[in-house]
Every structure is written in C-alpha cells, then in structure tokens.
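# Report on the structure
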Amino acid sequence: IITGKTILIKYQLINKKKKLVSIKIPLQFNKIVFLENAEDKFIGKIISKQTINRIIKKNGIITDSLYLSALKSGVDIKTITKVIGIFSFSVDFQRDIWPKDTFEILYEEELLKYDKSKKESGNVLYASLVLKSGVSLKLYKFTTKSGDTKYFDERGKSAQKLLMKTPIDGARISSSFGKRKHPILGYNVAHRGIDFAAPKGTPIYAAGNGTIEIKKKNGAYGKYILIRHANRFKTAYAHLSKYAKTSGKVTQGQVIGYVGSTGRSTGSHLHYEIIKNGKRINPQTLKLPSGKKLKGDELEIFMEEKNKIERRLDNLDVY
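Residues numbered from 1 in each chain as written. Predicted model: local features only at pLDDT ≥ 70, side-chain atom pairs only at ≥ 80, totals over all residues. Heavy atoms only, no water.

On to the confidence of the model for the protein. Reading fine detail from the predicted coordinates is not recommended where pLDDT is low. Mean pLDDT for the protein: 84, with 90% of residues reaching 70 or above. When the elements of the protein are averaged for pLDDT, strand E11 (residues 178–181) gives the smallest value, 47, and strand E16 (residues 223–228) the largest, 94. Taken as a whole, residues 180–188 scores under 50 in pLDDT and shows 17 contacts with residues more than four places along the chain or in a different chain. (pLDDT = per-residue confidence, 0-100. Helix = DSSP H or I, 4+ residues; strand = E, 2+ residues; numbered from the N terminus. Contact = heavy atoms within 4.5 Å.)

Residue placement: Ile105 occurs in strand E6 (residues 102–112). A relative accessible area of 2% means that Ile105 is categorised as buried. Sequence-wise, Ile105 and Lys58 are 47 residues apart; in three dimensions their C-alpha atoms are separated by 5.3 Å. If sequence neighbours within four positions are ignored, Ile105 has contacts with Ile56, Lys57, Lys58, Val75, Thr79, Val83, Val124 and Tyr126. (Buried < 20%, exposed > 50% of the residue type's maximum accessible area, 1.4 Å probe, protein only.)

Okay, the pattern of salt bridges next. Scanning the model with the defined rule gives 9 salt bridges in all. With a shortest N-O distance of 2.7 Å, Lys78 and Glu120 are connected by a salt bridge. Pair noted here: Lys78 is in helix H2 (residues 77–87) and Glu120 is in strand E7 (residues 115–130), with a separation of 42 residues, a long-range link. Residue classification places Lys78 among the partly exposed residues on the basis of a relative accessible area of 42%. The partly exposed category is assigned to Glu120, whose relative accessible area is 29%. For Glu213, the salt bridge identified is with Lys234, shortest N-O distance 3.0 Å. Here Lys234 lies in strand E17 (residues 233–243) and Glu213 lies in strand E15 (residues 210–217), a separation of 21 residues in the sequence. (Salt bridge = Lys/Arg side-chain N within 4 Å of Asp/Glu carboxyl O.)

Okay, the packing of aromatic side chains next. In the structure shown here, the tally under the stated rule is 7 aromatic pairs. Ring pairs connect the aromatic residues Tyr126, Tyr140, Phe142, Phe152 and Phe302, which therefore count as one cluster. (Phe/Tyr/Trp six-rings, centres within 6.5 Å; stacked < 30°, edge-to-face > 60°.)

This paragraph deals with empty space enclosed by the protein. Under the counting rule described, the total for this entry stands at 1 cavity of 30 Å³ or more. Considering only enclosed or pocket space, the largest cavity measures out at about 30 Å³ in volume. Leu66, Ala70, Ile80, Val83, Ile84 and Ile105 together form the lining of the largest cavity. Of all elements in the fold, only helix H1 (66–72) and H2 reach the threshold of two or more residues within the lining of the largest cavity. Per element, the largest residue contribution to the lining of the largest cavity is 3 residues, and it comes from H2. For the lining of the largest cavity, the per-class residue count stands at 6 nonpolar, no polar and no charged. (1 Å grid on protein atoms, 1.4 Å probe; cavity = no way out; pocket = protein on both sides within 12 Å on 5 of 7 lines; lining within 4 Å. Points joined across faces, edges and corners; volume = space filled by probe spheres on them. Nonpolar A, V, L, I, M, F, W, Y, C, P; charged D, E, K, R; others polar.)

Where burial is concerned, most of E6 is hidden: 8 out of the 11 residues are buried. Of the strand pairs in this sheet, strand E5 (residues 51–61) and E6 are connected by 11 bridges, and their pairing is antiparallel. Within E6, the position partnered with Ile61 by the bridge is Thr102. With 10 bridges joining them, E6 and E7 adopt antiparallel strand pairing. Residue pairing for E7: Glu104 is matched across the bridge by Ser128. The loop that links E6 with its antiparallel partner E7 comprises 2 residues. (Pairing = 2+ DSSP bridges.)

Relative to the elements of secondary structure, Glu305 occurs in helix H3 (residues 296–315). We classify Glu305 as partly exposed; its relative accessible area is 31%. Taking the C-alpha atoms as reference points, Glu305 and Lys141, 164 residues apart in sequence, are found 8.6 Å from one another.

Here we take up the pairing of strand E4 (residues 41–48). With 0 of its 8 residues buried, E4 lies for the most part at the surface. In terms of strand pairing, strand E3 (residues 31–38) meets E4 through 8 bridges, oriented antiparallel. The partner of Val33 across the bridge, within E4, is Ile46. Counting the residues that bridge the hairpin from E3 to E4 gives 2 residues, and of these Glu39 lies at a positive phi of roughly 55°.

This paragraph deals with the sheet that holds E4. Read from one edge to the other, the open sheet built from 4 strands follows the order E1-E2-E3-E4, with strand pairing classed as antiparallel. Both edges of this open sheet fall to strand E1 (8–14) and E4, since each of them pairs with a single strand only. Across the sheet, the mean angle separating the axes of adjacent strands is 15° when strand polarity is ignored. In this sheet, strand E2 (residues 17–28) lies alongside E1 in antiparallel orientation, the contact comprising 7 bridges. Across the sheet, residue Gln12 finds its bridge partner in E2, namely Lys19. (Axes fitted to C-alpha atoms, helices over the stretch in contact; angles between N-to-C directions.)

Dropping the structure here:
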C-alpha cells in the first residue's frame, strides 16, 4: 500500500452501527485484493483484469538531459530509469551527454484490455545512444544459459562492469576528485572521492556485488559504509542519513542507504570512493574490468535474438 492508491471500503448502517461489507485494495494496475464479509467471516481473493501487450519504440534528440528528453518523447519514468541504469556502466551522464545526441528505446508495455489509459511498462528490449563525440552505443536484452537477464553490445559483450561509477540516480557532481578548498576547514586538502549533491533520502546503491565490511558512524564521514568487492576493489559511501536493512553480502544496484549530511558536511550529498589495494582512485577516470563476453552456442543464440530485435525496430512505427 503506497501513497496515491485508493482503497474502497463499503459498510452498512444497521441500528446506527456500521457493519463492514467489503474492502478493495489495488495491488498492481490490473489486480486488486477483494475482501468480502460473509456471515462475519472475510473471504479474500485477487481479481485480475484482462490485459494486452505491445512493443513500443521511442526515439528522439537530446535537448537537455536524457531523462527530460525521453520524458518529453512520451517514455514513462519507470522505463527511463531502467535505460539510465543500463547505460550507467558505459556513460558518464555528467560529461558524455550533449545537446543533439540521439536516443532510441524499444520496450514492452502492458495495457488493460478495456481501458488503455491504464498501463504498465515492462522489459527494455533495446536501447541506443549516438553521441556527438562519435560514440554509438547499442545494447540488447538477453537471458544467458544461467538464467541471468543482462544487456550486451553488438558483439555480445556485457554492458555491466564490476563497479558502477555513479551509485545514485539523478545527482549532480558537486565536488570532483583531487585538490580543493575544504568548505568547512577553509584550506586546501586532497579530496579522495567524488561528491554527488542530492536531496536527503535519495537511495544509494551498492556499486557492485560484494560484502559489507563497515557500517557505522566514522568520524568526519558521518554514517558510513565500506563494501569489499572482487579484484581487490572496495567502495565507500559517506554522510548517509540512514542505512537500509542490509548486512553481509549485497548485490550490484541494491539499496544500501540514503543520502544525508551526517559528519563533517555542509549539505545533503553522497561522498563516494573507489579503493584498490588500499589506494583511493578517481572513479571518473578509472577503467574497470568489463563483464561477461558471450561465446560459442550462447553467442549464436544472442545473435539470433539481436537480429529479431533489429527486425522489430525496422518494422515498428513510433507510437
């Protein structure tokens, strides 16, 4: 039950007393929980409405940001967030995206059969960015033999890398890696991470699969988390307002905490560090180990799926 949902409660007045008759609670856009009073016992069931599926293609020119430009073209927020997540390993949204860059997205959508104004976005099948720097990125959805659904480029190389460079959505870089004048101390110090300015409570994601080593207040860092990853990498997250209910092992993209201003801080932001062999590294310039490369039969199956997606792109008009 979340903000904005409407719950319908029916009752009867019997001798000036209210007797509960039924309750309807929306679950998803096409499902409700229906509870009905039958001789003072409640019978519950889930009612599903018929839906239809369709494939949507959207494309456009970026005028400000990928998020706002895709929103203007009619892409729903949920799909835009997925696309940003897909490209987050390959694109620095602060530096790489410029006006007149172009995007194209192919995704699934589920609609109520008799009320097409109510719909829910599904899987993103394909996403591409053509940047004025000359870079063209095309990523295709594919489920591997192990059952993992990921995104791969035209040659079958996974878009996913060991770590995310930006483990937070919709934030701007407020302080880069390197020497700077400290906003509180007033003198130049080495800034050994990147600061992302964001509202208090913004979710922070684990940058990669790993194990939480430290989760506690840590002096000037305030509420702090340190995660150990593969290949001798660690990541650190500071100034959190609160922690998510996590401990031990975490997966990439899992919410571990929320932006705050605890410790030595002048405003809500995430201080993010990448550490290798005990040395802090600039996340913006670091070249991370790439993900899986498909081979053999799996690569052949991927190429067939890729060709199907491209045929859909050719045969679909833009909704």
